[in-house]
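A look at the structure
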Amino acid sequence: MDYLVIEFPAGHQNFTGEMAEELLRLVKAGTIRVIDAIILTKDKDGVVDASELADAGDLGDLVELESELAELLAAEDVANLANAMDPGSVAGVLVYENVWAAPFASAARRAGGQLIANGRIPIQAIIASLEADDAIETTGA
């Protein structure tokens, strides 16, 4: 299972539109299964409020996901996730399973393999690496 925390400045969050459409497309295609989804609000004083999707107001088509959520996140998880947020912000938290991974992992086990490491490369690190490569190509250094 994986999770994402997507932060917005307070009052500028948008959990409908293109982002919601893409999430629902991934779910309907069977690429991911959403396990839990919550909305976190962190006020200017750092006080955090967590809302389930059903309590978060108009979320458009995202309400389709509400009936299938396992509501896995505990209060301690919410507190840890909120530590990454800036005061005065709102974040969507998504816990999901990469459905494509289970058949691949099974095939690897049947072939005698075992997972010995995994990780994530933050998009910011990828962008920085690409920009550094471009700078080298441009300057010839």
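None of the values given here were measured: they were computed from a predicted structure.

Burial analysis of strand S2 (residues 32-42) places 9 of its 11 residues in the buried class, which makes it a mostly covered element. Bridge count between S2 and strand S4 (residues 89-98): 10 bridges; the pairing is antiparallel. Looking at S4, one finds that Leu40 is bridged to Ala91. Bridge count between S2 and strand S3 (residues 48-52): 5 bridges; the pairing is antiparallel. Residue pairing in the sheet places Ile39 in a bridge with Ser51 of S3.

Before going further, it helps to examine the environment of Arg110. Tracing the backbone through its elements, the reader meets Arg110 in helix H4 (residues 101-110). Since its relative accessible area comes to 66%, Arg110 is described here as exposed. Sequence-wise, Arg110 and Asp2 are 108 residues apart; in three dimensions their C-alpha atoms are separated by 24 Å.

A separate point is a negative patch on the surface. A surface patch of like charges, here negative, comprises Glu131, Asp133, Asp134 and Glu137. Following the sequence through the fold, Asp134 ends up in helix H5 (residues 123-139).

Here we come to helix H1 (residues 17-28). The periodicity of an α-helix, 3.6 residues per turn, causes residues three or four positions apart to be oriented the same way. The end-to-end C-alpha separation of H1 is 16 Å, in line with the 16 Å expected for 12 residues at 1.5 Å each. Turning to H1, its buried residues number three or more, namely Ala20, Leu23 and Leu24. For H1, the arc enclosing every buried residue in end-on projection is 95°, short of the 170-degree limit, so these residues lie on one face. Turned more than 90 degrees away from the buried face of H1 sit Glu18 and Glu21, all of them exposed. Elements in contact with the buried residues of H1: S2, helix H2 (63-66) and S4.

Quick look at the pattern of salt bridges now. Per the stated rule, a full pass over the model turns up 2 salt bridges. Linking Glu22 and Arg25 is a salt bridge whose minimum nitrogen-to-oxygen distance equals 2.5 Å. Here the residue Glu22 and the residue Arg25 both occupy positions in helix H1, the gap between them amounting to 3 residues, near one helical turn. A salt bridge links Arg33 to Glu97, with the shortest nitrogen-to-oxygen separation between them at 2.9 Å. With Arg33 in strand S2 and Glu97 in strand S4, this residue pair connects regions lying 64 residues apart in the sequence.

Turning next to the nonpolar core. Formed by 16 residues in total, the largest nonpolar core has its most connected members in Phe15, Leu23, Val34, Ala37, Leu62, Leu65 and Leu94. Sorting the residues of this core by element identifies H1, S2 and S4 as the ones contributing at least two each. For this core, the element with the highest residue contribution is S2, accounting for 4 residues.

The rules we used
Residues numbered from 1 in each chain as written. Predicted model: local features only at pLDDT ≥ 70, side-chain atom pairs only at ≥ 80, totals over all residues. Heavy atoms only, no water. Buried < 20%, exposed > 50% of the residue type's maximum accessible area, 1.4 Å probe, protein only. Helix = DSSP H or I, 4+ residues; strand = E, 2+ residues; numbered from the N terminus. Pairing = 2+ DSSP bridges. Patch = residues over 30% accessible without salt bridge, like charges linked within 9 Å, V, L, I, M, F, W, Y side chains within 5 Å. Areas by Shrake-Rupley, 256 points an atom, 1.4 Å probe, with all protein chains shown as cover. Salt bridge = Lys/Arg side-chain N within 4 Å of Asp/Glu carboxyl O. Lys, Arg positive; Asp, Glu negative; His and termini not counted. Charge placed at Lys NZ, Arg CZ, Asp CG, Glu CD. Expected span 1.5 Å × (residues − 1). Arc of directions from axis to C-beta. Contact = heavy atoms within 4.5 Å. Core = buried A, V, L, I, M, F, W, Y, C linked by side-chain atoms within 4.5 Å.

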